[in-house]
Structures are given as structure tokens and as C-alpha cells.
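# Understanding the architecture of this molecule
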Amino acid sequence: MTYPAGERTIRFRFSAGWDERVLDDLFKRIHESLARLSDKTAKDWTPRVSRPTATPR
């Protein structure tokens, strides 16, 4: 979980139950996000929309 902690700060809450794999993934995502702060095209991202398939009745 993340919490705002000022204008330029984010706090993270960790769980003692998380294993090393989860923590490695979290820090990888944080690193990638911080690297994008200087990327001028970062705001150009468009989410992919997945549409549910209709279930035959």
C-alpha cells in the first residue's frame, strides 16, 4: 500500500508475510516508475481495454 506523505513523498507499507519474490517485484516496479519521471513520453501511455467475451446462453 502507498500513502501520500507530502508534495513529493510517498510512504509504503510492507507486510512481514511478503516473501523475497514479492519484495523484488515491488522494488523493480518502483525503480521503473522513478526512471519514467524524466521520460517526456510517460504521459502518452494509453491503457489497453480488454472486452469480455459474451457467454452463449
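Keep in mind that this is a model prediction, so the values were computed, not measured.

How each quantity is defined
- Residues numbered from 1 in each chain as written.
- Predicted model: local features only at pLDDT ≥ 70, side-chain atom pairs only at ≥ 80, totals over all residues.
- Heavy atoms only, no water.
- Helix = DSSP H or I, 4+ residues; strand = E, 2+ residues; numbered from the N terminus.
- Buried < 20%, exposed > 50% of the residue type's maximum accessible area, 1.4 Å probe, protein only.
- Areas by Shrake-Rupley, 256 points an atom, 1.4 Å probe, with all protein chains shown as cover.
- Phe/Tyr/Trp six-rings, centres within 6.5 Å; stacked < 30°, edge-to-face > 60°.
- pLDDT = per-residue confidence, 0-100.
- Salt bridge = Lys/Arg side-chain N within 4 Å of Asp/Glu carboxyl O.

### A word on the overall build of the chain
What the chain contains, in helices and strands, is one helix and two strands. Shown N-terminal to C-terminal, the secondary structure of the chain runs as helices and strands in the order β-β-α. The buried share of the chain, taken over its 57 residues, is 2%. For the chain, the exposed surface amounts to about 6,300 Å²; the carbon and sulfur share of it is 54%.

### Overview of the packing of aromatic side chains
Inspection of the entire model under this criterion finds two aromatic pairs. An angle of 25° between the planes, with centres 6.0 Å apart, marks the rings of Phe14 and Phe27 as stacked. In this pair, Phe14 sits in the loop between strand 2 (10-12) and helix 1 (20-36) while Phe27 sits in helix 1, placing the two residues 13 residues apart along the sequence. With a relative accessible area of 42%, Phe14 lands in the partly exposed category. Using a relative accessible area of 46% as the deciding quantity, one classes Phe27 as partly exposed. Linked through ring pairs, Phe14, Trp18 and Phe27 together constitute an aromatic cluster.

### Section: the confidence of the model for the chain
Should pLDDT be low for a region, the predicted coordinates there are not to be read in detail. With 82% of its residues at a pLDDT of 70 or more, the chain shows a mean pLDDT of 80. By mean pLDDT, the top-scoring element of the chain is helix 1 (89), and the lowest-scoring one is strand 1 (residues 2-4) (72).

### Comments concerning the pattern of salt bridges
Counting across every chain of the model gives two salt bridges. Between Lys28 and Glu32 there is a salt bridge, and its shortest N-O distance comes to 3.8 Å. Here the residue Lys28 and the residue Glu32 both occupy positions in helix 1, the gap between them amounting to four residues, near one helical turn. Classification of Glu32 by relative accessible area gives partly exposed; the value is 41%.

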